[in-house]
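# A structural walkthrough
The lines below spell out each chain.
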Amino acid sequence: MHRLYILPTLVINAVIILVPAMLTIALAFFQWDGISPPVFAGLNNFRALFDDSVFWSALANNVIWTAIFLIVPVAMGLLAATMLLLVNRGRTFFQIVYFLPVIIATAITARVWQGMIYSPVTGVFGLLQHTGLPLSNPLSQPSMALFGVATVDLWHWWGFLCVIFLAALRQVPQEQIEAARLEGATFWQMMRYVLLPGIRPTITLMMIMTVIWSFLVFDFVYILTQGGPAFSSEVLSTLAYRKAFYDLNVGQAAATSLVISVFGLIATYFYIRIQSREAEQ
Amino acid sequence: MRRLLSNALAVLLSAATYAGSALAQEKKPASWWYENAAPENQQYLKDLLVKRFNEVSKDTVLSVDFRGAELDKQLRIAMLSGSGPDVVYTAGPSYVASMAQAGQLLPLDDYAAKHGWNDRILPVFLELGKYNGELYALPKTYETLGLFYNKTLFEKNGWTPPKTIAEFEALAEAMKAKNIVPFAAGNADWRPTNEHYVSIVLNSVAGPENVYKALNGEIPWTSQPFVKAVDTLNKWWQAGYFGPNYFSLTGEQAFAQIASETAGMAPTGTWNFTNVPKYFKQNNAEPGFVGFPSAEGVPYPIYALGIGSTFSIAANSKNPDGAAQVIDYVFSDKFYGDMNTVWQGEWNTPLRDLTKVKVGDAVLPLYTETMRNLADSVNKNQYGYTTWTFLPPATNTYLVSGIEELWLDKTTTAEFLAKLDATFQQEKAAGKVPAIPARQ
C-alpha cells in the first residue's frame, strides 16, 4: 500500500519528463520540420551533425565552458567562503552582496552587461575607451566572445557557490579548526588539511552539477551573442535551438539534444556512484 | 393607464435588449494572434483595426491577441494541435509552403475572387503566396532595401547620392578620409541584419536575373556573379566601411549615427522610416532615401522585395468567412491610410494603386514618395529578392552566420558559397523553397 504514495510523483514525472524525453529520442531518428508529418531518417541526423564543423566547435566551446566553471567560480567561492568563515565582521553583509547577482533575472543581468558595461557607445567600456584605454567589446571578437559571455555568467553564479560552501564550512567541527589554530596552521594549511577535506562531498556534488549545468548553458549565450560572431560562442544548446526554430530541422535539433544528454548522463552516473558509496560508508 | 403604459414600455425595452443581444450573439468570433508591438502600436491596432472592423462587420467580431516575439513558435505548435487562431499570421512565405503542405491552411482563391483581391493586390505578391497553384497567403507588408543618407551632411560636403558601385565606393572613401564611418550598421540586437547586406549585393552586384535563376535551380549559388557580389561585400567589410562597432551597436543606435553625422549612409530597409522623425528632427538634419547603387550591367535602381509576415486562414477555422473579411479590411485603402498615418514602415500592404490612399499630412513626404516608387517598380516587374523572403530556412540561417565567418577570415568566398549552395539544393529537393513568381 505504501508504494502507492510514489504514484502522484511518478505520474507527473512520466508526463513531464519521460514522454518528452522519449519523443526527443524518437525524433532524433526522423526528419521533421515541426509542421509536416515526420519521415524516418535512420542515423542521417547524427551523420549530418558529425559532418558539421559547427557542431564540433560548439562541443569544444561546451568543454571550455565546463573547464572554466569547474575552476574559476569554485575557486572564488571557496576562497570567499573560507574568509567569511574565519572573519566574523561583516559576514552577513558580504553574503548578501555576493548572493545578490544570483537572484537577478538572467535576461536583466545579460542586458545590463551588454548595454551598460561592454557597449562601446553606452557602456563603461566606451567610457574607458574615451580615456585612451585600448578596450574593446569582447562580445564582438571571435577569440573573446565565449569568455565575454562566461564572465557575465561567472559574475552571476559564483556567489551561489560561495553561500553553499559557507553553509558547508559551518558544519566543519569547530574543535578541528581551533586545534589547527593552536597548532599554528597558516591559512593555506587550514584550507588544505582541515576545511577542504571537511566539505569534500559538497565540493564534489557542486562540481558534478557544474558539469551538467555547463552542457545545458543557453540563456546568457543566446541573449548576449546568439552564438556569434561567426559561431565563435556557439554551444550545443544554442545550436539545437537554431536547428529547431530557425532551420526548421527538428530531427537534428533532437540529435544535438541527445549529445548534450550523454554528457549529463555521464556526470549523473558519477554522482549516483559517489552517493551510493557515501551511503555504504 | 399609466401602469399599463410603463408595463408596455418595459416589455418593449426588454424586447429591444433581447433583439440587440441576439444580434450580438449572432456575430461569430474571429481570432488573430499578433506579434510583439510597442504599447502605443497595440493601441493603434485596437483602435484602427479591431474597433473599426467590429463597427462595420455585420456577422463577425474580431479579437486580437498580442503574443510577443515568439509568436511563430507558438503558432506552429498551436497549428499542429489544431487550436490556432482563425487568421494565421505566419513569419513569412517560407513557412507557408510547409503549413499548406501539412493541410493546416485554407486555399484563398475563392475569397480572392469574391473580395476582388486579384485586382487590388500587386500580382507578384499573389504569386508568392501560392503553393501547388493555389493561393494560401497574402503578405501583410512589404519592404525594400535602399540607401538612407543625411541630405544636410551631403550638401555640406558637396556629395551626391551614388548611382553606381564605383561612385558608391569613391564616396565611402571620401567619408573615411573625413573620419566619418561610411555605413551606419549594427547587428547587436538582430544578427540577421547581416543578410540585409548580402541581399543588397546579390541584387545590385550579381543582379536580380541571376538571383532568379539560382532560386529556380537554373544556376548554382557558386556561379561567378555571386562570387563577385560576395567578394564586393567582403571588400567593403575589410575596408572598414561597417565601422569598428558593427557587432556592438543595435540597429537603432546605428541608424541614429547618420542623423548625428557620425556615419555617412545607411544601407538598410524601409522599416527604418519609423526612426527617421525621432533622430533627424533632434539633429536638425534632413533625411534622404534612394535606391541602392548598381554595378555595371545591372539596372538602377533595383528594389529587393521583402515580406516579413503573411496572412492565411486556418483550415479548421470555424469562421473562415469572417477571417477573410478581416484580411479584406486590412487590404482596404482606408486602413492603409489610417495605419500609415500613425505607424509607418510596418503596414505597407501591397496595394496595386496607392493614388486613392489618403495618408495624414504629418507623414514624411519622403516615405509616401518612396512607397509609391516601390509600388510602381514592382508593378513594372523591376524588383529584386531579399534573402529572408525567398530563401528556405536553413539556407537563410547559414547565410547569416556564414557571412560573418567570411568577414572574420574563418572561411573563403568559395567555401561560403559552396556550403550555401549545398544547403539550398538540399532544401530545394525537400520542397522548402517558397514560390518564386515568374519574371516577365
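As a further point, take the overall build of chain B. When helices and strands are counted, chain B shows 20 helices and 13 strands. What you see for chain B is a C-alpha radius of gyration of 24 Å, in line with the 22 Å of a compact globule of 440 residues. Structurally, chain B occupies a C-alpha span of about 95 × 55 × 35 Å along its principal axes. Taking contacts inside chain B between residues at least 6 apart in sequence as the whole, the part at least 24 apart equals 76%.

The next thing to look at is the overall build of chain A. A count of helical and extended segments in chain A gives 13 helices and two strands. Expressed as lengths along the three principal axes of its C-alpha atoms, the size of chain A is roughly 70 × 70 × 30 Å. Within chain A, the proportion of its 281 residues that are buried is 36%. In chain A, once contacts between residues fewer than 6 apart in sequence are set aside, the share between residues at least 24 apart is 64%.

What follows covers the nonpolar core. Counting 160 residues, the largest nonpolar core has Val87(B) and Val201(B) as the members making the most contacts within it. Counting residues domain by domain, this core receives three or more from each of domain 1 (27–142 + 306–379) and domain 2 (144–305 + 385–429) of chain B. Discounting chain neighbours no more than four positions away, the residues touching Val201(B) are Ala206(B), Ala229(B), Val230(B), Thr232(B) and Leu233(B). Leu78(A), Ala80(A), Ala81(A) and Leu166(A) belong to the second largest nonpolar core, which has 16 residues in total.

Residue and element names in this part refer to chain B. Each assigned domain of chain B is listed with its residue range as follows: domain 1 (27–142 + 306–379) and domain 2 (144–305 + 385–429). Computed from C-alpha coordinates alone, the two centres of domain 1 and domain 2 are separated by 28 Å. Opposite the 16 residues of domain 1 that make contact, domain 2 presents 18 residues. Contributions of two or more residues to the side of domain 1 that touches domain 2 are made by helix 4 (93–101), strand 11 (303–307) and helix 17 (365–379). The greatest single-element share of the side of domain 1 that touches domain 2, amounting to six residues, is contributed by helix 17. Considered class by class, the residues forming the side of domain 1 that touches domain 2 number eight nonpolar, seven polar and one charged.

This next bit is on helix 2 (residues 39–56) of chain B. Given 3.6 residues to a turn, an α-helix orients residues that are three or four positions apart in the same direction. For helix 2 of chain B, with 18 residues, the first-to-last C-alpha span of 25 Å sits near the 26 Å given by 1.5 Å per residue. Along helix 2 of chain B, the largest kink reaches about 30° and is centred on Lys46(B).

All names here are of chain A. Two elements in contact, helix 4 (residues 91–103) and helix 7 (residues 145–169), have axes whose closest approach is 6 Å; the angle formed by their N-to-C orientations is 130°. Judged by the inter-axis angle, helix 4 sits oblique to helix 7. For the crossing formed where helix 4 meets helix 7, the hand is left-handed. For the pair helix 4 and helix 7, contact is made by Gln 95, Tyr 98, Phe 99, Leu 100, Pro 101 and Val 102 and by Trp 155, His 156, Gly 159, Phe 160, Cys 162, Val 163 and Leu 166, respectively. Grouping the constituent residues of the contact of helix 4 with helix 7 by class yields ten nonpolar, three polar and no charged.

Here we take up the interface of chain A and chain B. At the junction of the two partners, chain A supplies 22 residues and chain B supplies 20 residues. Counted by class, the side of chain A that touches chain B contains eleven nonpolar, eight polar and three charged residues.

All names here are of chain B. Locating Leu 126 in the fold gives a position in helix 7 (residues 123–128). A tally of 21 C-beta atoms within 10 Å means that Leu 126 is categorised as buried. Residues Leu 126 and Tyr 136 lie ten residues apart in sequence; the distance between their C-alpha atoms is 9.0 Å. Leaving out residues up to four positions away in the same chain, Leu 126 has contacts with Asn 118, Ile 121 and Leu 135.

Residue and element names in this part refer to chain B. Of the two faces of strand 12 (residues 310–313), both are covered, the one formed by Thr 310 and Ser 312 as well as the one formed by Phe 311 and Ile 313. Bridge count for strand 3 (residues 87–90) against strand 12 is four bridges, and the pairing is antiparallel. Residue pairing across strands places Tyr 89 opposite Phe 311, the latter belonging to strand 12. In this structure, strand 6 (residues 138–139) lies alongside strand 12, joined through two bridges in antiparallel fashion. For Pro 139, the partnering residue across the bridge sits in strand 12 and is Thr 310.

All names here are of chain A. Tracing the sequence through the fold places Gly 123 in the loop between helix 5 (106–118) and helix 6 (124–130). In the structure, Gly 123 is positioned eleven residues away from Val 112 in sequence and 9.0 Å away in space, judged by C-alpha atoms. The contacts of Gly 123, once residues within four sequence positions are left out, are Gly 115, Met 116, Ile 117 and Tyr 118.

The rules behind the values
Residues numbered from 1 in each chain as written. Chains lettered and ligands numbered in written order. Predicted model: local features only at pLDDT ≥ 70, side-chain atom pairs only at ≥ 80, totals over all residues. Helix = DSSP H or I, 4+ residues; strand = E, 2+ residues; numbered from the N terminus. Rg over C-alpha atoms; globule rule 2.2 N^0.38 Å. Contact = placed C-beta atoms within 7 Å. Buried ≥ 20, exposed ≤ 12 C-beta atoms within 10 Å, placed from the backbone. Core = buried A, V, L, I, M, F, W, Y, C linked by C-beta atoms within 7 Å. Domains from an automatic or database assignment. Nonpolar A, V, L, I, M, F, W, Y, C, P; charged D, E, K, R; others polar. Expected span 1.5 Å × (residues − 1). Bend = angle between axes of the 7 residues up to and from the residue. Axes fitted to C-alpha atoms, helices over the stretch in contact; angles between N-to-C directions. Parallel < 35°, antiparallel > 145°, perpendicular 65-115°, else oblique. Left-handed = near helix turned anticlockwise from the far one by under 90°. Pairing = 2+ DSSP bridges.

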